[in-house]
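Topology and contacts: notes
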Amino acid sequence: MSSRSVALTSTFLLLAAGGAAACDNGDEYQDEGFYCADENGVIVDEDYCDDDDNNGGGGGGGFFIWHSSGYRSGYPVGSKLPAGGSKFAYNDKASRSKFGLPSTGRVSNGTVKTSVVGKGGSGSSSKSGG
């Protein structure tokens, strides 16, 4: 009976340590907020970042999807996003997919994706486009 108790205690401790290690690794998984904005980080209507409409509804050059773990929902159109965000071209399908966004179409301003893997890092930007 004593060895069984020791084995169960050891198993519990190993599971607890593994769970704590998984929770401690905050660099791999985090929440990211997303906004459609110009190259300076000024929020614009999300229609400018919608590449789904081939009849002129898309924004064209100069508009980006900005993201950061520091962005929250609720910033109004016309306001400048807080410093520290990253951006990628609104029509960059690979970057959209990387962050769990639809590969085409509209991304609503203030969208928050939870448990994003492999964040882009603050202050960087992707120059690739579609």
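Before reading further, recall that the structure is shown in the block above.
In what follows, the accompanying structure is described.

Conventions and cut-offs
- Residues numbered from 1 in each chain as written.
- Predicted model: local features only at pLDDT ≥ 70, side-chain atom pairs only at ≥ 80, totals over all residues.
- Heavy atoms only, no water.
- Helix = DSSP H or I, 4+ residues; strand = E, 2+ residues; numbered from the N terminus.
- Buried < 20%, exposed > 50% of the residue type's maximum accessible area, 1.4 Å probe, protein only.
- Disulfide = S-S within 2.5 Å.
- Pairing = 2+ DSSP bridges.
- Polar contact = N/O pair within 3.5 Å; in protein donor to acceptor, adjacent residues only side chain to side chain.
- Contact = heavy atoms within 4.5 Å.
- Lys, Arg positive; Asp, Glu negative; His and termini not counted.
- Salt bridge = Lys/Arg side-chain N within 4 Å of Asp/Glu carboxyl O.
- Core = buried A, V, L, I, M, F, W, Y, C linked by side-chain atoms within 4.5 Å.
- Phe/Tyr/Trp six-rings, centres within 6.5 Å; stacked < 30°, edge-to-face > 60°.
- Lys NZ or Arg CZ within 6 Å of the ring centre and 35° of its normal.

1. Considering the environment of Asp51
- Position of Asp51 relative to the elements: it lies in the loop between strand 1 (29-38) and strand 2 (63-68).
- Accessibility expressed as a relative area gives 18% for Asp51, which makes it buried.
- A sequence separation of 53 residues divides Asp51 from Thr104, and the C-alpha atoms of the two residues are 6.0 Å apart.

2. Points about the state of the cysteines
- In total, this model carries one disulfide according to the counting rule given.
- Residue pairing for Cys36: its cysteine sulfur links by disulfide to Cys49, the two sulfurs lying 2.0 Å apart. Residues Cys36 and Cys49 are joined by a disulfide whose S-S torsion is about 80°; by sign, that bridge is right-handed. Separated by 13 residues along the polypeptide, Cys36 in strand 1 and Cys49 in the loop between strand 1 and strand 2 bring together distant segments of the chain.

3. Quick notes on the environment of Ser95
- Tracing the backbone through its elements, the reader meets Ser95 in helix 2 (residues 93-98).
- Ser95 gets classed as buried once you look at its relative accessible area, which sits at 11%.
- For Ser95 and Ile65, which are 30 residues apart along the polypeptide, the C-alpha to C-alpha distance reads 9.6 Å.

4. What to know about the pairing of strand 2
- With respect to burial, strand 2 is a largely interior element, six of its six residues being buried.
- Alternating positions in strand 2 separate into two faces, Phe63, Ile65 and His67 on one and Phe64, Trp66 and Ser68 on the other, with burial throughout.
- Where strand 1 lies against strand 2, six bridges are found, and the strand directions are antiparallel. Across the sheet, Tyr35 pairs through a bridge with Trp66, a residue of strand 2.
- Where strand 2 and strand 3 (residues 86-89) come together, four bridges link them in antiparallel fashion.

5. Points about the side chain of Arg96
- By secondary structure assignment, the location of Arg96 is in helix 2.
- A distance of 3.1 Å separates a polar side-chain atom of Arg96 from the backbone oxygen of Cys49.
- Leaving out residues up to four positions away in the same chain, Arg96 has contacts with Cys49, Asp51, Ile65, Phe88, Tyr90, Leu101, Pro102, Ser103, Thr104, Gly105 and Val107.

6. Details of the side chain of Lys87
- Positionally, Lys87 belongs in strand 3.
- Lacking a salt bridge, the buried Lys87 has Glu39 as its closest oppositely charged neighbour, with an N-O distance of 5.8 Å.
- Within polar-contact distance, the side chain of Lys87 engages the backbone oxygen of Glu39 at 3.3 Å.

7. Overview of the nonpolar core
- Of all hydrophobic cores here, the largest spans 11 residues; its members are Phe34, Cys36, Val44, Cys49, Phe63, Ile65, Phe88, Tyr90, Phe99, Leu101 and Val107.
- Listing elements by their share of this core, those giving two or more residues are strand 1 and strand 2.
- Excluding its chain neighbours within four sequence positions, the residues that come into contact with Cys36 are Val42, Ile43, Val44, Asp45, Glu46, Tyr48, Cys49, Phe64 and Asn109.
- Formed by eight residues, the second largest nonpolar core is a distinct cluster that contains Ala37, Phe64, Trp66 and Tyr71.

8. Considerations on the packing of aromatic side chains
- Evaluated as defined, the whole model comprises six aromatic pairs.
- With centroids separated by 5.7 Å and ring planes inclined at 65°, the aromatic side chains of Phe34 and Phe99 adopt a geometry described as edge-to-face. Of the two residues, Phe34 is situated in strand 1 and Phe99 in the loop between helix 2 and strand 4 (111-117); the sequence distance between them amounts to 65 residues.
- The buried category is assigned to Phe99, whose relative accessible area is 4%.
- A ring pair is formed by Tyr71 and Tyr75, whose centres lie 6.4 Å apart and whose planes are at 90°; its orientation type is edge-to-face.
- Taking relative accessible area as the criterion, Tyr75 reaches 16% and is therefore assigned buried.
- Within the aromatic cluster, the residues linked to one another by ring pairs are Phe34, Phe88 and Phe99.
- Between Lys87 and the ring centre of Phe64, over which it is positioned, the NZ or CZ distance is 4.6 Å.

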